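# Chain and residue survey
Here is how the chains run, residue by residue.
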Amino acid sequence: MAVVRDYSLLGPDGKRAIESGLAAAQWYRTSVPRKRMKELMQRRDGPAIRDTAIWLALLAAFGGTGAYVWPSWWALPLFGAYGVLYGSASDSRWHECGHGTAFRTRWMNTAVYNLACFMIMRDPTVWRWSHTRHHTDTIIVGRDPEIISMRPPKLFHIAANFLGLFDVPTAFRHMAVHAVGRLTAEEASFVPETEWFRVYRTARAWLVIYTATIAICVATASVLPAMLIGLPRMYGAWHHLVTGLTQHSGLADDVVDHRLNTRTVSMNPISRFVYWNMNYHVEHHMFPMVPFHALPRLHDEIKGDLPAPSPSILAAFGEFVPVMLRQRTHPEAFIERDLSSWAAAGDTGGANPSAVSAATTMDVS
Amino acid sequence: MATWIEACGADDVDAEDVIPFEHDGHPYAIYRSPADDYHATDGWCTHEQTLLKDGLVMGHIIECPKHNGRFDYRTGEGKGAPICVNLRTYPVKLEGGTLYIDVD
Ligand code: FES
């Protein structure tokens, strides 16, 4: 009989995870000599300053020219690019700067973090704590607040979020709740009370900005201001969903080894820029201290102990979409990776992709 | 009263780095600053059960390897989320190339 999973953070699965020791467990980590790990963890400002300058310059260029040619059809591709830089690149900037690893200089992390949070409509405090929990209890049912692909998956919900159709209304609902001085019960379960005042303060400031944007739209009888602020979180959200879905979809839940529940994907350079190297996702979860610019080197260091990366975004989707479709009626189905096959490859010091793919099977028992 | 315990040789810790030390089943972390002074704290992060020995030392900051929580290892002061509780520090003395910690 199918086991019904309760993903709410206040439900029985969360309690069970605590009782069984799945919550806050010790996770597997590939052994890396301390000297090498120290090199990989080193913080630098250069790569993030360069990428942030390019990011902001592209936002200004596409947003500016898009507004200039508005409302002609020429605006369409320009806002298409602007939207991805706003509604998707902000996801990875939120993520990296939230870890505090993107820049060496603290205030730079904080500044880009707050800007990215505004763009992606995630409260900086709530989402810092939610992501902390995601790292403590990655894909542990009832504990991890950031599970996109549940079992069974909410396919309509996921598809609608390619345009932010659930995420954005939820973000505004939460903003309204926060602005009147409250947190949702789930948020209150992982955000310490000493931090709540920050949440209220941010929600009030953001609501002022969005109200002003709407007022300018009304006053000018044009949707253009909202095309620049707010709406790109919807029309440009698709790329962060595409990359985000590759992270854990179809893989195991309730395990304490990121090699079993997380996926690394080889990606094209444009997606790598937008996603800020988070395609090295197993590596990131195992060693969150390693900044985005060092993840390719970390990958080379430990790949012998990891499953082979999916060769492309398309290949990753080809792996998990059939499993997600099957999970609609068979929630037990998941992509089961056999650790023993590639642990042996790791022991010999080299990656063995064929051993890994052979060990990757769909369990539909 | 101080209880000085021999912990390690001064050269066992690289400059701007941390090493673990255990006494009576209790883990400690020993730091050497960029200016070559030595400090000691509890070995566990105060946020969750993670040992700071695998963290990154930057100047006078130790960053926890699990969620990047930061402490000033000289005072134990937590430097923001997700750290809500400061880290306990211990006096350190250097005698004849050996480091001692007062574990009281
Ligand atoms: S365990 Fe140290 S910051 Fe969370």
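All of these numbers come straight from a predicted model, not from anything done at the bench.

### Quick look at the overall build of chain B
The number of helices and strands found in chain B is 0 helices and 10 strands. The N-to-C order of helical and strand elements in chain B reads β-β-β-β-β-β-β-β-β-β. Computed over its C-alpha atoms, the radius of gyration of chain B comes to 13 Å, within 12% of the 13 Å expected for a compact globule of 104 residues. Over its C-alpha atoms, taken along the principal directions, chain B stretches across nearly 40 × 30 × 20 Å. Burial status across chain B gives 52% buried among its 104 residues. Here the analysis covers contacts within chain B between residues at least 6 apart in sequence; of these, 41% occur between residues at least 24 apart. Of the roughly 4,600 Å² of accessible surface on chain B, 45% is carried by carbon and sulfur atoms. Charge-centre separation for chain B: the mean point of 8 positive side chains lies 5 Å from the mean point of 19 negative side chains.

### Observations regarding the pairing of strand 2 (residues 17-23) of chain B
All names here are of chain B. Pairing geometry for strand 2 and strand 3 (residues 26-32), over 7 bridges, is antiparallel. Among the inter-strand pairings, V18 is bridged to a residue of strand 3, identified as Y31. Joining the antiparallel neighbours strand 2 and strand 3 is a turn of 2 residues, in which D24 adopts a positive phi near 55 degrees.

### Here's the deal with the packing of aromatic side chains
Residues and elements named next belong to chain A. The final tally for this structure, using the stated rule, is 14 aromatic pairs over all chains. On the basis of an interplanar angle of 45 degrees and a centroid distance of 5.9 Å, the ring pair of Y82 and Y86 is categorised as tilted. Residue Y82 and its partner Y86 are both found in helix 4 (residues 75-87); the two are separated by 4 residues, about one turn of the helix. As far as burial versus exposure is concerned, Y82 and Y86 are alike and both buried. A centroid spacing of 5.0 Å and a plane angle of 70 degrees characterise the contact between F172 and Y210, whose relative ring orientation is edge-to-face. Here F172, found in helix 9 (residues 167-179), pairs with Y210, found in helix 11 (residues 196-220); they are 38 residues apart in sequence, far enough to count as distant. The exposure class of F172 is partly exposed, given its relative accessible area of 29%.

### Observations concerning the sheet that holds strand 4 (residues 38-42) of chain B
Taken in spatial order, the 4 strands make up an open sheet running 2-3-4-8 (chain B), and their pairing is antiparallel. The sheet is open, and its two edges are formed by strand 2 and strand 8 (89-90) of chain B, each paired on a single side.

### Section: the packing of helix 2 (residues 34-41) of chain A against helix 18 (residues 295-302) of chain A
Residue and element names in this part refer to chain A. Running from N to C, helix 2 and helix 18 cross one another at 160 degrees; their axes reach a closest spacing of 9 Å. By the criterion of interaxial angle, the relationship of helix 2 to helix 18 is roughly antiparallel. Of the two possible hands of crossing, helix 2 and helix 18 adopt the one that is left-handed. The segment helix 2 lies against helix 18, with R36, M37 and L40 engaging R297, L298 and E301.

### Observations regarding unusual backbone geometry
Backbone torsion omega between R151 of chain A and P152 of chain A reads 0 degrees, so that peptide bond is classified as cis. Counting through the fold element by element, P152 of chain A comes out in the loop between helix 7 (124-136) and helix 8 (155-160). Following A81 of chain B, the chain continues into P82 of chain B via a peptide bond in cis, with omega recorded as 5 degrees. Among the structural elements, P82 of chain B can be located in the loop between strand 7 (70-72) and strand 8.

So, how was this worked out
Residues numbered from 1 in each chain as written. Chains lettered and ligands numbered in written order. Predicted model: local features only at pLDDT ≥ 70, side-chain atom pairs only at ≥ 80, totals over all residues. Heavy atoms only, no water. Helix = DSSP H or I, 4+ residues; strand = E, 2+ residues; numbered from the N terminus. Rg over C-alpha atoms; globule rule 2.2 N^0.38 Å. Buried < 20%, exposed > 50% of the residue type's maximum accessible area, 1.4 Å probe, protein only. Contact = heavy atoms within 4.5 Å. Areas by Shrake-Rupley, 256 points an atom, 1.4 Å probe, with all protein chains shown as cover. Lys, Arg positive; Asp, Glu negative; His and termini not counted. Charge placed at Lys NZ, Arg CZ, Asp CG, Glu CD. Pairing = 2+ DSSP bridges. Phe/Tyr/Trp six-rings, centres within 6.5 Å; stacked < 30°, edge-to-face > 60°. Axes fitted to C-alpha atoms, helices over the stretch in contact; angles between N-to-C directions. Parallel < 35°, antiparallel > 145°, perpendicular 65-115°, else oblique. Left-handed = near helix turned anticlockwise from the far one by under 90°.

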